[in-house]
Structures are given as structure tokens and as C-alpha cells.
Protein chains: 2
Amino acid sequence: MFCHVAPRPRNAEATRAAILTAARERFARESYDDVGMRDIAGDVGVDAALVSRYFGSKEDLFVSVLDSCDNGGELMAGDRGDFGRRIAHEVIYEGKSESKLKGLLILLRSIGSTKAMELVQRTGNERFFNPFAAWVGGPDGAVRARLAAAFIMGMTVSREITGGFGLSPRECEEMERRMAVILQDVIDA
Amino acid sequence: MFCHVAPRPRNAEATRAAILTAARERFARESYDDVGMRDIAGDVGVDAALVSRYFGSKEDLFVSVLDSCDNGGELMAGDRGDFGRRIAHEVIYEGKSESKLKGLLILLRSIGSTKAMELVQRTGNERFFNPFAAWVGGPDGAVRARLAAAFIMGMTVSREITGGFGLSPRECEEMERRMAVILQDVIDA
DNA sequence: CCATTAAGTCACCGGGCGTTGACTAGCGGC
DNA sequence: GCCGCTAGTCAACGCCCGGTGACTTAATGG
């Protein structure tokens, strides 16, 4: 029987990396609770036991995933005067594909889970809010950072809830324009 | 043994209402997946089987809960010129207690759950987005409604993530002021 | 005061989860 | 060309979940 068509060469490091990648994508698409060890293992083509072996508990794996994507860093990379336009475009149009905001998406997905909440809170503050607030700076930097972050998260949530935005292309453009202005105002003022 | 201290008088209607209330509060505090039938039953002081009996499946119960709180209606009640201030105050200060936005909070809590997602989407659109968009009205009403709703949701999520906002009272005031202005601008323009 | 009916409980099922220890199979060194 | 080591599998465990049918108990009407 030619069962195993591509038996995956034995390489612990590569397999470990593949698991981590698969887990990252899963956690970006589903919540902490909805993602199963067997799902992740299935994506890679290995047994679920191997995932536990390599990463310890599911919570440990989640931490490893959070470690593996530099949360928030993507927000601050780029021209500051273009922040609003850049983020608005990212959130509205690039959200579906390989978004640079994947780290944020993972955090948002698992908001509801009490099991992941503590990790989400800590990671969100340490790697997202605090650096972002510092980057925003100026008078009431923390306040303005929180407003901007909330807006970005809210738009992301809105997109996820409605599956896209359910708006015409023209309306999407208008929304992008308005979102960019609001964001930029918050950052600048 | 005086085990049953208050044996709850036998009244199906009252018990049913008590279960519904308990479920509503549970779903407002935890996600769909994290809330168990046994939890709700325990809050009321009855057996979990009774919850199933009265409301059918867990999903049916969730629907009943969503039906029981008039989502979004609270948003549009009040002076339109005061919308920004009213909602900002509600989200920033009254969120912890018995918020009038509980219906929205329930939807937000269960975003991650694939099991509840469909219901959340439908309810969110039917009872929240669409009436709100109509209420906002004017040019690009749908777009502006979505922006405002996203901002409100984002601020709520931000509050939940960080457990309060972790800001000084002065900063909270500043945030409230800024949030009110942004919201009002979106509604007006 | 008892029979009937509805309100509520109890034990239990099937299923899915994360996790573990025993096992198998492929690769590197002698 | 065999051996040991390790990557990977397999079966199973314990747990908790939502849901169901049989049972018990309290109120009610005659």
C-alpha cells in the first residue's frame, strides 16, 4: 500500500516550525477554544501527540505563537504622516489575505475565552498598547493611542462579524477615506 | 438536615424568567463557549436538565437571550445632538455595571466562537447595524454608521481586554471628551 | 385527604477535548 | 550491515460538555 504519499523527511526543527506556522494561521482564523490540537496537527500532517510533545500544553503553544509574531510592530513601521491611510487600507482591504496585523487578529479572536484572556491581556499591553502609546507620544499619548487602537480593533471586529463589510466598492472607498482621516487626526493631535 | 434553605416555590414561569436573566448575565460576562448549562442552572439554583427542558438546546437559549434584550435600541434613544457624549460616557464609565449596551456586549463576547458566529452575525446586522444605519441616515449613512459602531465596539473591546482602561481619572476624562467629539462628528457629517 | 399533574431532580449517555506512555520506524555511526 | 537514538505514531485515559429519559416531589382540585 502506498499510503504515505509524501512521508515528510524526518527533521524535528522543520516540523516544529511547520507546527508553529500552522498554529499561527489557525489561531488567526479561529478562537483559542475552537482551535484543537488535532486540527493543527492535521494541517501539518502529523499526530496531535507530537504537538503536545514539542510545545508542552496548548497554552504554551499559544504563547509560542504570540511570541512568533511581532505584535504591533507592523503598526509603527512606515511614514508617520501616512499612518491613517496605510492602516485604513490594511484593515479594510488586506484583512482577508496575509495581513501584517495578524498578531492583532489573533488577540482579537480569543477575546472571549477566559482561558486565553490573561495571556491576551498581558501580550496586548506589553507588546501592543505600551509600545504604540510610546510611539504616538505627545500630550495624552496613552489616551490617543488607546483611541486609535480601539478604532482599528473595532473596524477589524466589524469586518469579521459581517464577513467583509457588505458595502459597495464606492462605499468602501468612502469608508477608507473617512477612517484614514479620523485615525490620522487622533495620531497627530 | 436542613439542606434546602429556600426551596424556591414551584412556579414554572418565574423559574423560566430567572433562568433567562441568569443566562443573559452569564453571556454578558463570558463567551458562548465558556458559559455552561450547569453554570446557568447553578446561578438560579436548579438542575441543568431544567434549562434544557425549558429552552431546548443551548443555541436556542442563546437566541432567547438575544431576543430578550433589545439590541441597539439603547443607542438611538435620546437626543441626537448629544449622541457622542452620551455613548462615550456609557462606554467608558458605565460599562462595568448594568450597561444599557448589554446586548452589544453579549454579541462582542461571543465573536470568537464559530458556533455562535452565525447568530451573532445575523443578530448584529438585523437589530444593530441596519436600524442604526437608518437612524444615522444622510449621505453614506451606512458607512458612517459602520464607522461609529466600530469605534464603540473597539472601545468596549479595549475596556474588556485591559480590565478597565488602566488610565488616570484625568486621562479618562480626556478620552471621554475626545471619543465624544469623534463619534459626534461621524454622526453629524 | 387523596389522586392527579406539573415542576424539578438524578443518573447517565455519547462525544470531543488535551494529554500521556508505550510503541514503531527511519536515519547516523561503527 | 547492524545498532542505537530519536522523530513520529497509536491507543487510551480522564475530564467536561450538552442533552435525554426515568424518577421524585410539591401544589392543586374535588
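Relevant structure appears above.
Note that the coordinates shown come from a computational prediction; the quantities given were computed from them, not determined experimentally. (Residues numbered from 1 in each chain as written. Chains lettered and ligands numbered in written order. Predicted model: local features only at pLDDT ≥ 70, side-chain atom pairs only at ≥ 80, totals over all residues. Heavy atoms only, no water.)

**Looking at the environment of valine 35 of chain A**
Residue and element names in this part refer to chain A. Position of valine 35 among the secondary structure elements: in the loop between α1 (12-29) and α2 (37-44). With relative accessibility at 1%, the residue valine 35 sits in the buried group. Residues valine 35 and glycine 72 lie 37 residues apart in sequence; the distance between their C-alpha atoms is 23 Å. In this structure valine 35 touches Arg26, Phe27, Glu30, Ile40 and Lys58, once residues within four positions along its chain are discounted. (Helix = DSSP H or I, 4+ residues; strand = E, 2+ residues; numbered from the N terminus. Buried < 20%, exposed > 50% of the residue type's maximum accessible area, 1.4 Å probe, protein only. Contact = heavy atoms within 4.5 Å.)

**Overview of the protein's contact with DNA strand D**
The immediate surroundings of DNA strand D are formed by 21 residues, with Asp47 and Tyr54 of chain A together with Arg38, Ser57 and Lys58 of chain B found nearest. For DNA strand D, the backbone makes up 52% of the atoms found within 4 Å of the protein, where backbone means sugar plus phosphate. Threonine 15 of chain A is positioned such that a nitrogen or oxygen atom in its side chain is 2.9 Å from a phosphate oxygen of DNA strand D. Between DNA strand D and methionine 37 of chain B, the relevant distance is 3.0 Å, taken from a phosphate oxygen to a main-chain nitrogen or oxygen of the residue. Residue assignment for the surface near DNA strand D shows that the elements contributing at least two residues are α1 and α3 (48-55) of chain A together with α2 (37-44) and α3 (48-55) of chain B. (Near = heavy atom within 4 Å. Polar contact = N/O pair within 3.5 Å; in protein donor to acceptor, adjacent residues only side chain to side chain.)

**What to know about the relation of the copies chain A and chain B**
Overlaying chain A on chain B yields an RMSD of 0.1 Å, the required transformation being a rotation through 180° with an accompanying axial translation of 0.0 Å. On this basis, the relationship between the two copies can be described by a two-fold rotation axis. By C-alpha distance to the rotation axis, the residue of chain A lying nearest is glycine 154 of chain A, at 1.8 Å. Taken as a fraction of all interface residues of chain A, those also at the interface in chain B reach 100%, which identifies the copy contact as same-surface. (Least-squares fit on C-alpha atoms with pLDDT ≥ 70 in both.)

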